[in-house]
Amino acid sequence: MAKVMELKKIETEVRVFGYDELPAEDRELVDAAKGMTRNSYAPYSKFHVGAAIRMEDGRIVLGANQENAAYPSGTCAERTACFQASALYPGVRMRKIAVAAWTGGEFQGKPISPCGACRQALVEYEKLYGPMEVLLYGREGVYVLPSVSSLLPLTFTEF
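Quick caveat: nothing in here was measured; it's all calculated off a predicted structure. (Residues numbered from 1 in each chain as written. Predicted model: local features only at pLDDT ≥ 70, side-chain atom pairs only at ≥ 80, totals over all residues. Heavy atoms only, no water.)

Trainee: Would you mind going over the packing of aromatic side chains in detail, with residue names and values included?
Mentor: Per the counting criterion, the structure on display carries two aromatic pairs. Here the aromatic rings of Tyr19 and Tyr137 are separated by 6.5 Å at their centres, their planes lie at 85 degrees, and the arrangement is edge-to-face. You can see Tyr19 sitting in the loop between β1 (15–17) and α1 (24–36) and its partner Tyr137 sitting in strand β6 (residues 133–138), a full 118 residues away along the chain. Take Tyr19: its relative accessible area is 25%, and that puts it in the partly exposed class. With a centroid separation of 5.8 Å and an interplanar angle of 90 degrees, the aromatic rings of Phe107 and Tyr137 are classed as edge-to-face. Within this pair, whereas Phe107 is found in strand β5 (residues 106–107), its partner Tyr137 is found in strand β6, the two being separated by 30 residues in sequence. Using a relative accessible area of 19% as the deciding quantity, one classes Phe107 as buried. Members of the aromatic cluster, each reached through a chain of ring pairs, are Tyr19, Phe107 and Tyr137. A cation over an aromatic ring shows up here: Lys34 above the ring of Tyr19, its NZ or CZ 5.4 Å from the ring centre. Over the aromatic face of Phe107 sits the side chain of Lys34, whose NZ or CZ is 5.1 Å from the ring centroid. (Phe/Tyr/Trp six-rings, centres within 6.5 Å; stacked < 30°, edge-to-face > 60°. Helix = DSSP H or I, 4+ residues; strand = E, 2+ residues; numbered from the N terminus. Buried < 20%, exposed > 50% of the residue type's maximum accessible area, 1.4 Å probe, protein only. Lys NZ or Arg CZ within 6 Å of the ring centre and 35° of its normal.)

This is the structure in structure tokens:
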């Protein structure tokens, strides 16, 4: 018997909020990510990204992208934050991550999303500790996703 093609549909739920509609705790996290764009080292791309992770115990861990002339040697804000969180607070769940980007004298109009490498790094911590909500800041709205895996639905799962 011939095998029948199967169709699978992948959907991602994204809630869009105005900044002022966010709960105070989420605004604090977004503000921390926005603030970290000032600590970015991006002399080549001029694309300054900040990330902030809220840990299960309420602490906020920060990260900013760091570029290097040897291009692949740089690190994205999201990985900087999650690797620091894991190193400083091993075994503590990362509950939420906020990401913001600044370029050309202002924050991006539409939210930006973590790159594939960052998504994979974050999803590994999510697999260890449970879902990590994602807040992506843009002047035109904040995208809120239920988990990192919702950004990377066909993730590596065997590790």
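Trainee: Outline the side chain of Ser147, supporting the account with residue identities and numerical values.
Mentor: Structurally, Ser147 is set in the segment after β7 (141–145). For Ser147, a relative accessible area of 10% translates into the label buried. Discounting chain neighbours no more than four positions away, the residues touching Ser147 are Glu126, Pro131, Met132, Glu133 and Val134. (Contact = heavy atoms within 4.5 Å.)

Trainee: Before we move on, could you go through the layout of surface pockets and cite the residues and values that matter?
Mentor: Estimates place the volume of the largest pocket at around 440 Å³. A total of three residues in the lining of the largest pocket trace back to one element, the largest contributor, which is helix α2 (residues 77–88). Partitioned by chemical class, the residues of the lining of the largest pocket number ten nonpolar, seven polar and three charged. (1 Å grid on protein atoms, 1.4 Å probe; cavity = no way out; pocket = protein on both sides within 12 Å on 5 of 7 lines; lining within 4 Å. Points joined across faces, edges and corners; volume = space filled by probe spheres on them. Nonpolar A, V, L, I, M, F, W, Y, C, P; charged D, E, K, R; others polar.)

Trainee: Let's hear about the pattern of salt bridges: which residues, and what values?
Mentor: Pairing between side chains of opposite charge can happen when the charged atoms of each approach one another. Per the counting criterion, the structure on display carries 13 salt bridges. With its nearest N and O atoms 3.1 Å apart, the salt bridge here joins Glu133 to Arg15. Of this pair, Glu133 sits in strand β6 while Arg15 sits in strand β1, and the two are 118 residues apart along the sequence. Looking at Glu133, the relative accessible area reads 17%, which means it is buried. Beyond isolated ion pairs, a larger network of salt bridges with shared partners links Arg15, Glu25, Asp26, Glu28, Arg54, Arg95, Lys96 and Glu133. (Salt bridge = Lys/Arg side-chain N within 4 Å of Asp/Glu carboxyl O.)

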